[in-house]
Amino acid sequence: MQSLSNRAKKLEAKPMTLAERAYLPAIFQGLSITMRHFFRAATKKQVTVRYPEEQRPFSPIFRGLHVLKRDEVGRERCTACGLCAVACPAEAITMVAGERKKGEEGLYREEKYAVSYEVNMLRCIFCGLCEEACPKAAVYLQPDKMAPPRFERDEFIYGKDRLVEPVDPAARSIRGIQLTPEQAQALSQRIAQ
Ligand code: SF4
Ligand code: SF4
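Computed from a predicted structure; not experimentally measured.

1. Describing the overall build of the protein chain
Here is step 1: The secondary structure content of the protein chain amounts to six helices and seven strands.
Here is step 2: Reading the secondary structure of the protein chain in the N-to-C direction produces α-α-β-α-β-β-α-β-β-α-β-β-α.
Here is step 3: In the protein chain, buried positions account for 16% of the 193 residues.
Here is step 4: Partitioning the contacts of the protein chain with sequence separation of at least 6, the portion at a separation of at least 24 is 70%.

Have a look at this one:
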């Protein structure tokens, strides 16, 4: 077949020399390159960090661990509509919806709430689409936290026990940034009213 360009190069399979057939020169050449880089790296400034003991500062646009937010009076915002799960390209979110019962108005903001809500952090690509899809401002990706290292895969499935933000205003955060004492006090007063 005629080539479309004139760049075709005809290659001829030459018989291998004795040195090539022994592979030893190629092995020694490869080893010398490895050793050169090894000793050069030892004298240079270290570019890796000893994670998790050491951590690099987060970028201002970092998206990390999810948090399920409460409203200003401490009720869970999530209404288990499932939009975050539908938007998730990694299918990392699963939930079970339930009906709020009489007397639970102080716990859940809407009539429907998430009985269970799980994010599989091993599937998640931290794109933030769940955050954008949420109509209730209930799920956020924190800019300063990521899933700590674990040995078991199960431990990367985060349920409501680890996702819902604490009731205590002093322990709450705005998009992962700790509330100031003044903000926490103002929130406590609103809850007490
Ligand atoms: S951050 Fe992206 S991948 Fe992770 S749960 Fe949300 S939508 Fe899915
Ligand atoms: S986090 Fe938001 S989008 Fe996801 S189920 Fe709850 S209310 Fe719906």
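There's plenty left to go through after this.
2. Structural notes on the site of ligand 2
Here is step 1: Of all residues adjacent to ligand 2, which total 13 residues, the nearest are Cys78, Cys81, Cys84, Cys134 and Val139.
Here is step 2: For the shell around ligand 2, the class distribution of residues is ten nonpolar, two polar and one charged.

3. Here we look at the site of ligand 1
Here is step 1: The full set close to ligand 1 counts 15 residues, and Cys88, Cys124, Cys127, Leu129 and Cys130 are the nearest of them.
Here is step 2: Taken together, the residues of the shell around ligand 1 break down into 14 nonpolar, one polar and no charged.

4. Quick word on unusual backbone geometry
Here is step 1: The omega angle of the peptide bond from Tyr51 to Pro52 is 5°, so this bond is cis rather than trans.
Here is step 2: With respect to the secondary-structure elements, Pro52 resides in the loop between α2 (24–43) and β1 (66–68).
Here is step 3: Phi angles above zero are rare outside glycine, and Ala137 is one such case at about 50°.
Here is step 4: For Ala137, the location among the structural elements is in the loop between α4 (129–133) and β4 (139–141).
Here is step 5: With 11 C-beta atoms counted inside 10 Å, the residue Ala137 sits in the exposed group.

5. Points about the UniProt feature "binding site: [4Fe-4S] cluster 2" (unreviewed entry) in the protein chain
Here is step 1: As recorded in UniProt, the sites labelled "binding site: [4Fe-4S] cluster 2" (unreviewed entry) are Cys88, Cys124, Cys127 and Cys130. Look at the named residues: they lie 43 residues apart in sequence, but the longest C-alpha span between them is just 10.4 Å, so in the fold they bunch up.
Here is step 2: One can find Cys124 in the loop between β3 (112–120) and α4.
Here is step 3: Accessibility expressed as a C-beta count within 10 Å gives 23 for Cys124, which makes it buried.
Here is step 4: Ignoring any residue separated from it by four or fewer positions in sequence, one finds Cys124 in contact with Ala90, Ala92 and Val119.
Here is step 5: Cys127 gets classed as partly exposed once you count the C-beta atoms within 10 Å, which come to 15.

6. Some points on the UniProt feature "binding site: [4Fe-4S] cluster 1" (unreviewed entry) in the protein chain
Here is step 1: Feature annotation in UniProt assigns "binding site: [4Fe-4S] cluster 1" (unreviewed entry) to the following positions: Cys78, Cys81, Cys84 and Cys134. Over a stretch of 57 residues, the named residues converge on one spot in the fold, their C-alpha atoms separated by at most 10.4 Å.
Here is step 2: Within the fold, Cys81 resides in the loop between β1 and α3 (83–87).
Here is step 3: Its place among the elements puts Cys134 in the loop between α4 and β4.

7. A look at the environment of Arg75
Here is step 1: Within the fold, Arg75 resides in the loop between β1 and α3.
Here is step 2: For Arg75, a count of 19 C-beta atoms within 10 Å corresponds to the partly exposed category.
Here is step 3: Remark: the alpha-carbon pair of Arg75 and Glu110, spanning 35 residues in sequence, is separated by 9.0 Å.
Here is step 4: Not counting residues up to four positions away in its chain, the partners in contact with Arg75 are Arg70, Gly106, Leu107, Tyr108 and Arg109.

8. A few points about the environment of Phe58
Here is step 1: Assignment of secondary structure puts Phe58 in the loop between α2 and β1.
Here is step 2: Judged by the 15 C-beta atoms lying within 10 Å of it, Phe58 falls in the partly exposed class.
Here is step 3: Expressed as a C-alpha distance, the spacing of Phe58 and Lys145, which sit 87 residues apart in the sequence, is 8.8 Å.
Here is step 4: Phe58 has contacts with Pro143 and Asp144, leaving out every residue within four places of it along the chain.

9. Points about the sheet that holds strand β2 (residues 93–99)
Note on sheets: strands pair through backbone hydrogen bonds, and any given pair is parallel or antiparallel.
Here is step 1: Ordered in space as β2-β3-β5, the three strands form an open sheet in which the pairing is antiparallel. Looking at which strands have only one partner, the edges of the open sheet turn out to be β2 and β5 (157–158).
Here is step 2: Bridging between β3 and β5 involves two bridges; their strand directions are antiparallel. Bridged to Val119 within β5 is Tyr158.

Cut-offs used in this document
- Residues numbered from 1 in each chain as written.
- Chains lettered and ligands numbered in written order.
- Predicted model: local features only at pLDDT ≥ 70, side-chain atom pairs only at ≥ 80, totals over all residues.
- Helix = DSSP H or I, 4+ residues; strand = E, 2+ residues; numbered from the N terminus.
- Buried ≥ 20, exposed ≤ 12 C-beta atoms within 10 Å, placed from the backbone.
- Contact = placed C-beta atoms within 7 Å.
- Near = placed C-beta within 6 Å.
- Nonpolar A, V, L, I, M, F, W, Y, C, P; charged D, E, K, R; others polar.
- UniProt positions renumbered as here; feature names shortened; annotations may be inferred.
- Pairing = 2+ DSSP bridges.

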